[in-house]
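Here is how the chains run, residue by residue.
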2 protein chains.
Amino acid sequence: MAVSGTDAPIGVFDSGIGGLTVVRSLMARLPHERIVYVGDTARVPYGPKSPDTVRRYADEIGRWLVDEGVKSVVVACNTATAYALGRLQDTLPVPVVGVVEPGARAAVRAAHGTPVGVIGTVGTIASGAYERAIHAIDPDVVVLARACPLLVPLVEEGWLDRPVTRMVAQEYLAPLLADGIGALVLGCTHYPLLTPLLAELAGPSVRLIDSADETALVTADTLDRLGLRAAERATPPRHRFVASDAPDRFLALGQQFLAGAIDHVEHVTFG
Amino acid sequence: MAVSGTDAPIGVFDSGIGGLTVVRSLMARLPHERIVYVGDTARVPYGPKSPDTVRRYADEIGRWLVDEGVKSVVVACNTATAYALGRLQDTLPVPVVGVVEPGARAAVRAAHGTPVGVIGTVGTIASGAYERAIHAIDPDVVVLARACPLLVPLVEEGWLDRPVTRMVAQEYLAPLLADGIGALVLGCTHYPLLTPLLAELAGPSVRLIDSADETALVTADTLDRLGLRAAERATPPRHRFVASDAPDRFLALGQQFLAGAIDHVEHVTFG
């Protein structure tokens, strides 16, 4: 296992731009770490696609990140984590962290014995990954999972608080709320942009769980445990952003997530 | 130019399953022709992606179809037609037909001098392909184009006549209807599944244009002109269906479009 040195960057990937919410949390918690982010915008979304196809894409990007010299990989995509985390952990020569287990852990803590709701893409929900992760922590927690395939397109349309978005979210959440969930896992990196609306619909008794912060925490712990944390730097680290589709579109959207921290996007073709 | 024989199949491709509406029209109009259909379900959708990426995908599939021995190629995807038709016509050794020009022609005929509305994906609308095609036929026609990125996800969710779908469609159509369109081009192969709802919202003075039938007509004319029509057969021709993502999902959705005409789907990886 050829773990790279402490000065090597952390590799982060997602099917598109949603994983930049994880990058934002990593930057806040690990301000001295360099990051190489890959958004697979030429093949986005992963959510509706089959396990084999998602695994193939994750393999290609994981190998590319390792070739670029990263010291660890963060899978900042729920669908890719659900289908490919175990395989990446088995095959890549660096530690690999996913978003599902950290989110599951936070949800169990927040729910205090009430049922946990999970919303995500068709792939994430069909995989059962959150149920498995939650039951590995506490087998008695009731888990209510629901695929919400319209939420990503609504976010990407920028309709964050329209009547139609409210109507769609209400329909998706109704059965979960009726069953008395105490925590709701936002099991897709796009969903945190809907937090104000979802929090209002869910009401004050439901704690919303955004996996990004939890994932950054687990990443920090992993680096500490393996002695891989970067030394403090006098100047902010330079990050790299890579997209498989046109860089200009990624840059425009990325600036909404990260403001000044992103000023250039490279183009790389996978597959 | 190595045009294959009259008994060779027609190649048809789309980013996913929507192009099966074109297959249905081809089967009705050209019942003796064999068809090889490719749905690029591993990389769907094309609509939000950049011209270069869509061209690369279209090149790969076009070359694959030619290697499989097709005598012509039908680009049954509006976005791929908008970005890649000219290039495919330049580089493939068989005639290539797209969906934009046939739809434009039908719309100009139906509008009788009133403005023509065009709805489609972000890519199709941004390309300006319908405006160019309509103005090549009649430079005086006023064209009102609108990207409707939520309609495909709504169709794929199966919400064909829900209040939320009605609300989204109303918002998209309002400016076009206010400007008095007399024809509305359904510039995406998914939209014909919304025909009842769209027809009701648009009212009786607006003619809905589904490019599928027009494209089948142009394909028939092209084969006739080049002497490439298949001979009559005693038994129905065997078609082939190919998907780049899992065949089982394609098969389940494909049967909604084509019923008994599809019973097996092959898996091919592109790129």
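Residues numbered from 1 in each chain as written. Chains lettered and ligands numbered in written order. Predicted model: local features only at pLDDT ≥ 70, side-chain atom pairs only at ≥ 80, totals over all residues. Heavy atoms only, no water.

Colleague: Can you lay out helix α1 (residues 20–29) of chain A for me, pointing to particular residues and giving the numbers?
Modeller: Residues and elements named next belong to chain A. With 7 of 10 residues buried, α1 lies mostly within the body of the structure. Of the residues making up α1, those classed as buried are Leu20, Thr21, Val22, Val23, Ser25, Leu26 and Met27. Where α1 is buried, its residues contact β1 (10–14), β2 (35–39), β3 (72–75), α10 (211–225), β9 (240–243) and α11 (247–258). (Buried < 20%, exposed > 50% of the residue type's maximum accessible area, 1.4 Å probe, protein only. Helix = DSSP H or I, 4+ residues; strand = E, 2+ residues; numbered from the N terminus. Contact = heavy atoms within 4.5 Å.)

Colleague: Which residues make up the interface of chain B and chain A, and what values do they have?
Modeller: Facing 32 residues of chain B, the contacting portion of chain A comprises 32 residues. Surface buried jointly by chain B and chain A totals about 2400 Å² across both partners, of which 57% is contributed by carbon and sulfur atoms. Two residues, Glu171(A) and Arg162(B), come together in a salt bridge whose shortest N-O distance is 2.5 Å. Where chain B packs against chain A, one counts 16 residue pairs in polar contact (both at pLDDT 80 or more). When contributions to the side of chain B that touches chain A are tallied by element, the ones reaching two or more residues are α2 (51–67), α7 (151–156) and α8 (163–178) of chain B. Residue contributions to the side of chain B that touches chain A peak at 6 residues, all from α8(B). Taken together, the residues of the side of chain B that touches chain A break down into 18 nonpolar, 6 polar and 8 charged. (Buried area = accessible area lost by both parts, 1.4 Å probe. Salt bridge = Lys/Arg side-chain N within 4 Å of Asp/Glu carboxyl O. Polar contact = N/O pair within 3.5 Å; in protein donor to acceptor, adjacent residues only side chain to side chain. Nonpolar A, V, L, I, M, F, W, Y, C, P; charged D, E, K, R; others polar.)

Colleague: Tell me about the relation of the copies chain B and chain A, and name the residues and values.
Modeller: Both copies of the chain are placed relative to one another by a rotation about an axis and a shift along it. Relative to chain A, chain B is turned by 180° and slid 0.0 Å along the rotation axis, the superposed coordinates differing by an RMSD of 0.0 Å. Considering both components of the superposition, the chain copies are consistent with a two-fold axis. Proximity to the rotation axis, assessed at the C-alpha, singles out Arg43(B) in chain B; its C-alpha lies 2.4 Å from the axis. A high fraction, 100%, of the interface residues of chain B reappear at the interface in chain A, so the copies pair face to face through one surface. (Least-squares fit on C-alpha atoms with pLDDT ≥ 70 in both.)

Colleague: Can you explain the sheet that holds β2(A)? Please cite residues and give values.
Modeller: All names here are of chain A. Reading across the sheet, the 6 strands line up as β4-β3-β1-β2-β9-β10 and stay open at both edges, with parallel pairing between neighbours. A single partner strand is all that each edge strand has here, and the edge strands are β4 (96–98) and β10 (266–267). Looking at chain direction, β9 and β10 are connected through 2 bridges and run parallel. Residue pairing for β10: Ala243 is matched across the bridge by His267. (Pairing = 2+ DSSP bridges.)

Colleague: Can you lay out the packing of aromatic side chains for me, pointing to particular residues and giving the numbers?
Modeller: The final tally for this structure, using the stated rule, is 10 aromatic pairs over all chains. With a centroid separation of 5.7 Å and an interplanar angle of 40°, the aromatic rings of Trp159(A) and Tyr172(B) are classed as tilted. Of this pair, Trp159(A) sits in the loop between α7 (151–156) and α8 (163–178) while Tyr172(B) is found in helix α8, placing the two residues in two different chains. Across the pair, exposure class does not vary: Trp159(A) and Tyr172(B) are buried alike. (Phe/Tyr/Trp six-rings, centres within 6.5 Å; stacked < 30°, edge-to-face > 60°.)

Colleague: Tell me about the sheet that holds strand β5 (residues 116–120) of chain B, residues and numbers included.
Modeller: All names here are of chain B. Strands sit in the order β6-β5-β7-β8 across an open sheet of 4 strands; the sheet is parallel. A single partner strand is all that each edge strand has here, and the edge strands are β6 (143–147) and β8 (207–210). Here the average twist between neighbouring strands, direction ignored, is 20°. Here β5 runs beside strand β7 (residues 183–187); their pairing, made up of 5 bridges, is parallel. What sits directly across from Gly117, in β7, is Leu184. Sheet strands touched by α8: β5, β6 and β7. Its angle to β6, the strand with the most contacts, is close to 165°. (Axes fitted to C-alpha atoms, helices over the stretch in contact; angles between N-to-C directions.)

Colleague: Kindly report on the pairing of β7(B), identifying the contributing residues and their values.
Modeller: Residues and elements named next belong to chain B. Within β7, 5 of the 5 residues are buried, which leaves it mostly tucked inside the rest of the structure. The alternating pattern of β7 places Ala183, Val185 and Gly187 and Leu184 and Leu186 on opposite faces, both of which are buried. Looking at chain direction, β7 and β8 are connected through 4 bridges and run parallel. Considered in β8, the bridge of Val185 is made with Ile209.

Colleague: Go over the packing of helix α1 (residues 20–29) of chain B against helix α11 (residues 247–258) of chain B with me, naming the residues and quoting the values.
Modeller: All names here are of chain B. Running from amino to carboxyl end, α1 crosses α11 at an angle of 45°, the nearest separation of the two axes being 9 Å. Relative to α11, the element α1 lies oblique. Seen from above, α1 lies across α11 with right-handed handedness. Listed contacts from α11 to Leu20, Thr21, Val23, Arg24 and Met27 of α1 are Phe250, Gly254, Phe257 and Leu258. (Parallel < 35°, antiparallel > 145°, perpendicular 65-115°, else oblique. Left-handed = near helix turned anticlockwise from the far one by under 90°.)

Colleague: Please set out the domain arrangement of chain A residue by residue, giving values where relevant.
Modeller: Residues and elements named next belong to chain A. The domain boundaries assigned to chain A delineate domain 1 (10–99 + 213–267) and domain 2 (100–211). On a C-alpha basis, the centres of domain 1 and domain 2 stand 22 Å from each other. With 19 residues of domain 1 at the contact, the number on the domain 2 side is 22 residues. Here domain 1 packs against domain 2, burying approximately 1600 Å² in sum over the two surfaces, 56% of which is carbon and sulfur. The interface formed by domain 1 and domain 2 holds 1 salt bridge in total. The residue Arg109 makes a salt bridge to Glu214 at a minimum N-O spacing of 3.3 Å. (Domains from an automatic or database assignment.)

Colleague: Outline unusual backbone geometry, supporting the account with residue identities and numerical values.
Modeller: Residue and element names in this part refer to chain A. A cis amide bond, omega 0°, links Val44 with the succeeding residue Pro45. Here Pro45 shows up in the loop between β2 and α2 (51–67). Positive phi, close to 50°, is recorded for His112, a residue that is not glycine. Here His112 lies in the loop between α4 (100–111) and β5 (116–120).

Colleague: I'd like a rundown of the pattern of salt bridges, residues and numbers included.
Modeller: Within this structure, the stated rule accounts for 30 salt bridges over all chains. Measuring nitrogen to oxygen at the nearest pair gives 3.1 Å for the salt bridge that ties Asp224(B) to Arg229(B). Take Asp224(B): its relative accessible area is 45%, and that puts it in the partly exposed class. One salt-bridge network, in which partners are shared between bridges, spans Asp40(A), Arg43(A), Arg56(A) and Glu60(A).

Colleague: Lay out the environment of Asp90(B) with the relevant residues and their values.
Modeller: Within the secondary structure, Asp90(B) is located in helix α3 (residues 78–91). Sequence spacing of Asp90(B) and Ala178(B) is 88 residues, and the spatial spacing of their C-alpha atoms is 40 Å.

Colleague: Explain the nonpolar core to me, using residue names and the numbers behind them.
Modeller: Grouped together as the largest cluster of nonpolar side chains are 54 residues, with contacts concentrated most on Ile119(A), Leu151(A), Leu184(A), Ile119(B), Leu151(B) and Leu184(B). Secondary structure elements with two or more residues in this core: α7, α8, β7 (183–187) and α9 (195–202) of chain A together with α7, α8, β7 and α9 (195–202) of chain B. (Core = buried A, V, L, I, M, F, W, Y, C linked by side-chain atoms within 4.5 Å.)

Colleague: Please provide a residue-by-residue account of the environment of Val218(A), values included.
Modeller: On the secondary structure map, Val218(A) appears in helix α10. In contact with Val218(A), not counting residues within four places along its chain, are Val97(A) and Pro102(A).

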